Amino acid sequence: MTSFDFAVRTLTLRTGEIIHYYSLEELEKAGFGSLAHLPYSIKVMIESIVRHQDHPAFKEEHVCSLAGWTPKAAKTDYPFLPARILLQDFTGVPCMADLAALRSAMVRAGKDPGKIEPRIPVDLVIDHSVQLDEVAHPTRWIPT
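Residues numbered from 1 in each chain as written. Predicted model: local features only at pLDDT ≥ 70, side-chain atom pairs only at ≥ 80, totals over all residues. Heavy atoms only, no water.

**Regarding the overall build of the protein chain**
Move 1: For the protein chain, the helix and strand inventory stands at four helices and four strands.
Move 2: Counting from the amino terminus, the protein chain carries its helices and strands in the arrangement β-β-α-α-α-β-α-β.
Move 3: The long-range fraction of contacts in the protein chain, counting pairs at least 24 apart against all pairs at least 6 apart in sequence, stands at 45%.
Move 4: Total accessible area on the protein chain is roughly 11000 Å²; 59% of this is exposed by carbon and sulfur atoms. (Helix = DSSP H or I, 4+ residues; strand = E, 2+ residues; numbered from the N terminus. Contact = heavy atoms within 4.5 Å. Areas by Shrake-Rupley, 256 points an atom, 1.4 Å probe, with all protein chains shown as cover.)

What follows is the structure in structure tokens.
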């Protein structure tokens with residue numbers, strides 16, 4: 001149990017699947033101040049810190065500090081563990097090449113390459129790196 005278990009709420013989907021989430025509204029009721037005025041990114045950080053209270057890097061003080069955030073607040077480091085990472089091809093392809101190289105190195109060392117796995121799920125979006133070598137060639141039939 002964490003100190004924020006009071007903020008856990010459930011949502012039942014039409015499929016019957018139950019999702020648990022931490023309600024920022026419940027944090028407000030518990031005295032963490034008005035969170036509605038905070039930028040969306042700060043709300044995401046607060047929810048992430050609350051959700052990971054069982055991890056030693058995440059502390060209740062982080063939540064208190066972010067709940068009082070203002071644009072002029074002192075710069076502070078906060079732990080952040082995203083649920084998923086989205087990479088576009090320009091940055092994602094080098095990451096995939098690095099993972100492949102690390103796995104190859106594990107194989108050469110006689111170790112299990114399956115141990116080289118991202119800890120956080122990653123989606124790689126390749127959206128604009130498609131190359132066309134020919135378009136509308138006059139000798140080829142193109143269906144209309």
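**Some remarks on the pairing of strand β2 (residues 18-22)**
Move 1: As paired strands, strand β1 (residues 8-12) and β2 are joined by five bridges and run antiparallel to one another. Considered in β2, the bridge of R9 is made with Y21.
Move 2: What sits between β1 and β2 in their antiparallel hairpin is a turn of five residues, with G16 showing a positive phi close to 95 degrees. (Pairing = 2+ DSSP bridges.)

**Considerations on the packing of aromatic side chains**
Each aromatic ring pair is specified by the distance between its two centres and by the angle formed by the two planes.
Move 1: What the rule picks out here adds up to two aromatic pairs.
Move 2: Relative to F32, the ring of F4 has its centre 5.6 Å away and its plane inclined at 45 degrees; by these criteria the two rings are tilted. Residue F4 is found in the segment before β1, and its partner F32 is found in helix α1 (residues 24-32); the two are separated by 28 residues along the sequence. The pair F4 / F32 is uniform in exposure class, with both members buried. (Phe/Tyr/Trp six-rings, centres within 6.5 Å; stacked < 30°, edge-to-face > 60°. Buried < 20%, exposed > 50% of the residue type's maximum accessible area, 1.4 Å probe, protein only.)

**A short note on the side chain of S48**
Move 1: For S48, the position within the fold is in helix α2 (residues 40-51).
Move 2: You can call S48 buried: its relative accessible area is 1%.
Move 3: The contact partners of S48, leaving out residues within four places of it in the chain, are F58, F80 and L81.

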